[in-house]
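What follows is each chain in one-letter form.
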Amino acid sequence: MGDTEVRMKSKKTVFVTVGTTSFDALVNAVDTREVKEELWRRGYTEILIQMGRGSYIPSKSEGGDDSIAVDYFTFSSSIADHLRAASLVISHAGSGSIFETLWLGKPLIVVVNEDLMDNHQSELAEELADRKHLYCARPQTLCHIIADMKLESLIPYHPGDTTPVAKLINRFLGFSED
Amino acid sequence: MLLCSARTIASAWTCFLLAIFGSKLCLLQFPLPLPFSSIKEEKDFDFPIMACIFTITVVVISSVMLILIRLLYVLYQTGKPLKTRGSAGLAPPPLSTLIILGSGGHTAEMLNLLAMLQKDRFSPRFYIAAATDNMSLQKAHLLEETEDKVEGISRSQFMQIYRSREVGQSYITSVLTTLIAIVHALWLMLRIRPQVILCNGPGTCVPLCVIAFLFKVVGIRWSSVFYIESIARVHRLSLSGLLLYKLRIADQFFVQWPQLQRKYPRAHYVGCLM
């Protein structure tokens, strides 16, 4: 390996999403040199940030042979396509984002917003992290988590089943249970 | 059985009231004989007032007792499955259903649940979302459109309700906005009078479910209330959930994590629904 060797990397996108919220701390953390270098080191070639209602604007970058590309947008009607195209998703702790990503089987780092007053969202993120379905981080610990993460050790999440509830409701109301 | 005894007690009380009131009227019409009149003169002045006060007290106490008895009956009956409806061999008739939507994950979770319910059993469907929530009714529309176009969309209605409390609103101003929300909720509920209510936690559901409970007590409509706590609630119930659980307003209370079922034993654990 020398200076003349061109580093050929296949495109691997990190998709960062904050949903409909404003989460400057996360966008800021992703935009730091440390996190960008760490993501590059782990093999990702570009970062796409969906920044929602946030006011912090990240700096776009074309990337290249030795640095990661960065792009951003505020909202889109559906992030499903971006999720599908991503190799890693870094998301706020909203249950919609979390489950949409888990259903697609994408590796996920959930970042909890400590500025939210009633932080019940962190319960869900921490519980799913305990069950090894995703990694849970705070904006300050994001770099550390990216450095240490072992994505192959994540357990795939199987979508839930609403049949038990439907059965209980039907039975209660006097309908047959099928 | 309890209902019969309630009616018996009610008619007994009514007869008792009429007897008391009737006797007071008679005494007022026909004053006591002369020898006692000098002693009674002062008391004659007080007597009608005292009779009024007494009668009013009796009326108030018996009304309160009636309401209490009815309330206890409703609490006893809440959570008991509906008695078999419809005639033998035929499917039970559909039930009018109110679906309460909330911002963000709430609507996604509710629509996920609705996908599993047979639409012909829960018809007509009424969707209510908060006035400031733009996305939820749109998503509900989408769900209804993918159903049978003739049956689904034409029999469903979509309504907005004033919010009790915006996210981050101070608790003091919330009292006033909650009162407004309650009046609006009453108006909507009187129009809809649903037989089934499905909700999963947004603040909008509390006034609606409380009114549904009142409708049960007063006898306007018996609504079966199903509350499914959000999947995001792992260790603690939401405020709406806590209220509906403690006040025993929900007929069936579902939680998605075992930790909650341990803390709230009257809840049914149904696992993760998402």
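Just so it is clear, the model here is predicted, and its values are computed rather than measured.

(A) Inspection of the nonpolar core at higher detail. Formed by 34 residues in total, the largest nonpolar core has its most connected members in L98(B), I128(B), M189(B), I197(B), C205(B), C209(B) and F253(B). Of all the elements, helix α7 (residues 205-218) of chain B adds the most residues to this core, at nine residues. Ignoring any residue separated from it by four or fewer positions in sequence, one finds C205(B) in contact with I100(B), C199(B), Y227(B), S240(B) and L244(B). One finds I49(A), I68(A), L88(A) and V111(A) within the second-largest nonpolar core, a separate group that totals 28 residues.

(B) Seen up close, the pattern of salt bridges. All names here are of chain A. Scanning the entire structure with this criterion turns up twelve salt bridges over all chains. Residue R33 is joined to E37 by a salt bridge in which the shortest nitrogen-to-oxygen separation is 3.3 Å. Here the residue R33 and the residue E37 both occupy positions in helix α2 (residues 33-41), the gap between them amounting to four residues, near one helical turn. We classify R33 as exposed; its relative accessible area is 57%. Between R131 and E127 there is a salt bridge whose closest N-O contact spans 2.9 Å. By relative accessible area, E127 is classed as buried at 9%. Beyond isolated ion pairs, a larger network of salt bridges with shared partners links E114, E126 and R138.

(C) Highlighting the packing of helix α3 (residues 105-114) of chain B against helix α4 (residues 135-146) of chain B. Residues and elements named next belong to chain B. In contact at an axis separation of 10 Å, α3 and α4 are set at 15° when each is read in the N-to-C sense. When the axis of α3 is compared with that of α4, the two are roughly parallel. α3 and α4 meet at a crossing whose hand is right-handed. Residue-level contacts link T107, L111 and L114 of α3 to S136, K139, A140 and L143 of α4. Considering only residue class, the contact of α3 with α4 consists of four nonpolar, two polar and one charged.

Scoring rules and cut-offs
Along each chain, numbering runs from 1 in the same order as the chain's sequence is written. Chain labels run from A onward and ligand labels from 1 onward, assigned in the order the entries are written. Since the coordinates come from a predicted model, pLDDT governs what is reported: local features require at least 70, and pairs of side-chain atoms require 80 or more to be given and counted, while whole-chain, interface and lining totals use all residues. To obtain the side-chain values, all non-hydrogen atoms of the structure were used and water was disregarded. We call a set of buried Ala, Val, Leu, Ile, Met, Phe, Trp, Tyr and Cys residues a nonpolar core when their side-chain atoms join them within 4.5 Å. Relative accessibility decides the category of a residue: with a 1.4 Å probe and only protein chains considered, values under 20% of the type maximum give buried, values over 50% give exposed, and everything between is partly exposed. Starting at the N terminus, helices and strands are each numbered in turn, a helix being any DSSP run of H or I of at least four residues and a strand any DSSP run of E of at least two. Every residue pair with non-hydrogen atoms within 4.5 Å of one another is taken to be in contact. Put simply, a salt bridge is a Lys or Arg side-chain nitrogen that is within 4 Å of an Asp or Glu carboxyl oxygen. Every axis corresponds to a line fitted to the C-alpha atoms, with the helix fit spanning only the stretch in contact, and the corresponding angles, defined between N-to-C directions, vary from 0 to 180 degrees. Orientation categories follow fixed angle ranges, with anything under 35 degrees roughly parallel, anything over 145 roughly antiparallel, 65 to 115 roughly perpendicular, and all other angles oblique. Should the near helix be turned anticlockwise from the far one by less than a right angle, the crossing is left-handed, and should it be turned clockwise, the crossing is right-handed. Following the grouping adopted for this structure description, the nonpolar residues are Ala, Val, Leu, Ile, Met, Phe, Trp, Tyr, Cys and Pro, the charged ones are Asp, Glu, Lys and Arg, and the polar ones are all others, Gly among them.

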